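Examination of the molecular architecture
Read off the chains here:
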Number of protein chains: 2
Amino acid sequence: MKIKVVKDILGANDQIAQKNRQLFDSHNVFVVNVMASPGAGKTSLILETIRRLKGRVKVGVIEGDISSSLDAEAIGKEGVPVVQINTGGECHLDANMTASALGDLPLDKIGLLFIENVGNLVCPAEFRIGEDLRILVASTPEGDDKPYKYPLMFHETDVVLINKIDLLPHLKFNVDAFTKAIRGINKKAKIFPVSCTTGQGIDDWVGWLETRVKG
Amino acid sequence: MKIKVVKDILGANDQIAQKNRQLFDSHNVFVVNVMASPGAGKTSLILETIRRLKGRVKVGVIEGDISSSLDAEAIGKEGVPVVQINTGGECHLDANMTASALGDLPLDKIGLLFIENVGNLVCPAEFRIGEDLRILVASTPEGDDKPYKYPLMFHETDVVLINKIDLLPHLKFNVDAFTKAIRGINKKAKIFPVSCTTGQGIDDWVGWLETRVKG
């Protein structure tokens, strides 16, 4: 019974995700679904990326949170269009919630849309929202065993950004062990070690992303 | 329709949680539900607590993970009874999953049972499992804005352990701002700043817990 309900929900979700996808295509918008644990650095990564793309790519942002508009306010200061979705308890964004925000964005003036998901390494992986690219911000203080514990998320993502590498001298995190664990689940994902605090590695990520947006 | 389904699930869950509670009471087991984001330090906190209670309180552990038995193996090395629950995709433990593990534990030989929930700051807060105490391990690298973003979790917990305080010199985390944010949602929760790496603050937490177990 339970499985049936979940399947129905996912089937309905995929239909709406396809409609979102058609809308994005008709406006030439490249869409990135940003997923991570709470506090891994999703907003910081979006901010650093916006700053480096300024003048070259027009960015818009949808912020998904259970509550508050703190992240949308931070993004708004960069002068880009931003919409906050408060899920009111839901632990992930779905295609319908995403669709409800699109009317408030000037899609014709956006080339790259970041959609920041709710902080959660589980449920966001199950719901497509019409994105071109799924990225996972993995934070070094969370430990290098996370791919074993949250395999679906690491399997479904197209990119893993290993964030907070500035903290490595203070942690037991082993980058090689982490990379090996990712590769056991996902052979194709691009992996970028970065620090949003020091800026290390961000140019590599942004350079690669720009080729995808314009490709 | 959707709300109804969720209400039904929660109602059924509470009934099973009460049965778990009766079973725990009949065996004089004090039960702690350990909640946190992925990688905040739940297992490390349980390990440090077990080591300090050795010879005084008999501890048992249920490990909840979507996948893998890494944490149960780490706990098992301490020589305490441990059972792993793999949720197979579910983002939280519920009362029924918890009940299914209890037959594999020697409840008559356990005075304190830790139940480590799935790493998630959202859904575990909605499901009672029959516990006496709910504790939240909040990790400093996640940032001091988390109570605003995950208010239900911070509202529902009895204890907040501010973990990884050894990293504070390298972070922007403001302990006073974080405490103020918690107090805006939860006036009563006990707050313990700790580091499972250096041991700082752990004795305070364990001393308080022991009075609760024996009280």
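Look up a bit, the structure's there.
Because the structure is predicted, anything quoted here is derived from the model rather than measured. (Residues numbered from 1 in each chain as written. Chains lettered and ligands numbered in written order. Predicted model: local features only at pLDDT ≥ 70, side-chain atom pairs only at ≥ 80, totals over all residues. Heavy atoms only, no water.)

In this section: the relation of the copies chain B and chain A. Mapping chain B onto chain A is achieved by rotating through 180 degrees and translating by 0.0 Å along the same axis, at an RMSD of 0.0 Å. Both copies of the chain, as the preceding transformation shows, are related through a two-fold rotation axis. An overlap of 100% is found between the interface residues of chain B and their copies at the interface of chain A, pointing to a shared contact surface. (Least-squares fit on C-alpha atoms with pLDDT ≥ 70 in both. Contact = heavy atoms within 4.5 Å.)

All names here are of chain A. Taken together, seven strands build an open sheet; the order of strands is S3-S2-S4-S1-S5-S6-S7 and the sheet is parallel. On the outer flanks of this sheet lie strand S3 (82-86) and strand S7 (190-193), each paired with one strand and no other. Shown here is a sheet whose adjacent strand axes are inclined to one another by a mean of 20 degrees, direction ignored. Pairing of strand S6 (residues 159-163) with S7, which is carried by four bridges, proceeds in the parallel orientation. Bridge pairing in S7 links Val160 to Ile191. (Pairing = 2+ DSSP bridges. Helix = DSSP H or I, 4+ residues; strand = E, 2+ residues; numbered from the N terminus. Axes fitted to C-alpha atoms, helices over the stretch in contact; angles between N-to-C directions.)

Moving on to helix H2 (residues 42-53) of chain A. Residue and element names in this part refer to chain A. With 12 residues, H2 should cover 16 Å at 1.5 Å per step; its first-to-last C-alpha distance of 17 Å lies within 8% of that length. Burial analysis of H2 places nine of its 12 residues in the buried class, which makes it a mostly covered element. Count one or two residues on from H2 and you reach Gly55, which has phi positive near 85 degrees. (Expected span 1.5 Å × (residues − 1). Buried < 20%, exposed > 50% of the residue type's maximum accessible area, 1.4 Å probe, protein only.)

This paragraph deals with the pattern of salt bridges. Within this structure, the stated rule accounts for 30 salt bridges over all chains. Here Asp145(A) ties to Lys149(A) by a salt bridge, and the two come within 3.4 Å at their closest N and O atoms. Under the relative-accessibility criterion, Lys149(A) is labelled buried at 6%. Residue Arg56(B) is joined to Glu210(B) by a salt bridge in which the shortest nitrogen-to-oxygen separation is 2.7 Å. Linking Arg56(B) in the loop between helix H2 (42-53) and strand S2 (59-65) with Glu210(B) in helix H8 (residues 202-214), this pair joins segments that are 154 residues apart in sequence. For Arg56(B), a relative accessible area of 46% corresponds to the partly exposed category. Residues participating in the shared-partner salt-bridge network are Glu48(A), Arg51(A), Arg52(A), Lys54(A), Glu78(A) and Asp203(A). (Salt bridge = Lys/Arg side-chain N within 4 Å of Asp/Glu carboxyl O.)

All names here are of chain A. Under the definition given, this model contains 10 aromatic pairs over all chains. Taking 5.9 Å as the distance between ring centres and 85 degrees as the angle between the ring planes, the aromatic pair formed by Phe154 and Phe178 counts as edge-to-face. On the criterion of sequence distance, the pair formed by Phe154 in helix H6 (residues 151-156) and Phe178 in helix H7 (residues 175-185) is long-range, its members being 24 residues apart. With respect to burial, Phe154 and Phe178 carry one shared label: buried. Ring pairs connect the aromatic residues Phe154, Phe173 and Phe178, which therefore count as one cluster. (Phe/Tyr/Trp six-rings, centres within 6.5 Å; stacked < 30°, edge-to-face > 60°.)

Just distances and angles here, no functional claims.
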